[in-house]
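Below are the chains, spelled out letter by letter.
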Amino acid sequence: MADSKKKNFKDLSYSELVAQRDELAKKYMDLRFQKIVGHVDNPIQKRTMRREIARLNTFIRQKEIAGENK
């Protein structure tokens, strides 16, 4: 993945990271259902979304450890 496509999550606050993760998780679930039905335009998108959710979880955990989860 190119650097220009990566989202910069470091600048977001804890609550913004959690909101972003929740929104992305909902989109991921919708994509999973679409894939089951067979209406997915880009099958690689599922993997990319899963990796973005993992990246968000990592930043959320870092903020929790640093004590910034208020």
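Small disclaimer: the values here were computed from a predicted structure and weren't measured.

Undergrad: Explanation requested: the pattern of salt bridges in the structure shown.
TA: When charged atoms on two side chains of opposite charge get close, those side chains can pair. Evaluated as defined, the whole model comprises four salt bridges. Between E64 and R61 there is a salt bridge; the shortest N-O distance is 3.3 Å. Highlighted residues: E64 and R61, both in helix α2 (residues 44-66), separated by three residues, approximately one helical turn. Judged by its relative accessible area of 29%, E64 is partly exposed. The partner of E68 in a salt bridge is K63, and the shortest N-O contact between them spans 3.4 Å.

Undergrad: Just checking my understanding: could you explain the nonpolar core for this structure?
TA: Here is a general trend for soluble globular proteins: nonpolar side chains tend to be buried in one another's company. Formed by F9, Y14, L17, V18, L24, Y28, L31, M49, I53, L56, F59 and I60, the largest nonpolar core amounts to twelve residues. Elements with a minimum of two residues in this core: α1 (14-37) and α2. In terms of residue count, the dominant contributor to this core is α1 (six residues).

Undergrad: What exactly am I supposed to notice about the environment of Y14 here?
TA: Assignment of secondary structure puts Y14 in helix α1. On the accessibility criterion, Y14 (18% relative accessible area) is buried. The residues contacting Y14, other than those within four sequence positions of it, are I60, K63, E64, E68 and N69.

Undergrad: Could you clarify how one ought to interpret a nonpolar patch on the surface in this entry?
TA: A cluster of nonpolar side chains, namely M29, F33, I36 and V37, defines an oily patch on the protein surface of about 430 Å² accessible area. Its location among the elements puts M29 in helix α1.

Cut-offs applied
Residues numbered from 1 in each chain as written. Predicted model: local features only at pLDDT ≥ 70, side-chain atom pairs only at ≥ 80, totals over all residues. Heavy atoms only, no water. Salt bridge = Lys/Arg side-chain N within 4 Å of Asp/Glu carboxyl O. Helix = DSSP H or I, 4+ residues; strand = E, 2+ residues; numbered from the N terminus. Buried < 20%, exposed > 50% of the residue type's maximum accessible area, 1.4 Å probe, protein only. Core = buried A, V, L, I, M, F, W, Y, C linked by side-chain atoms within 4.5 Å. Contact = heavy atoms within 4.5 Å. Patch = residues over 30% accessible without salt bridge, like charges linked within 9 Å, V, L, I, M, F, W, Y side chains within 5 Å. Areas by Shrake-Rupley, 256 points an atom, 1.4 Å probe, with all protein chains shown as cover.

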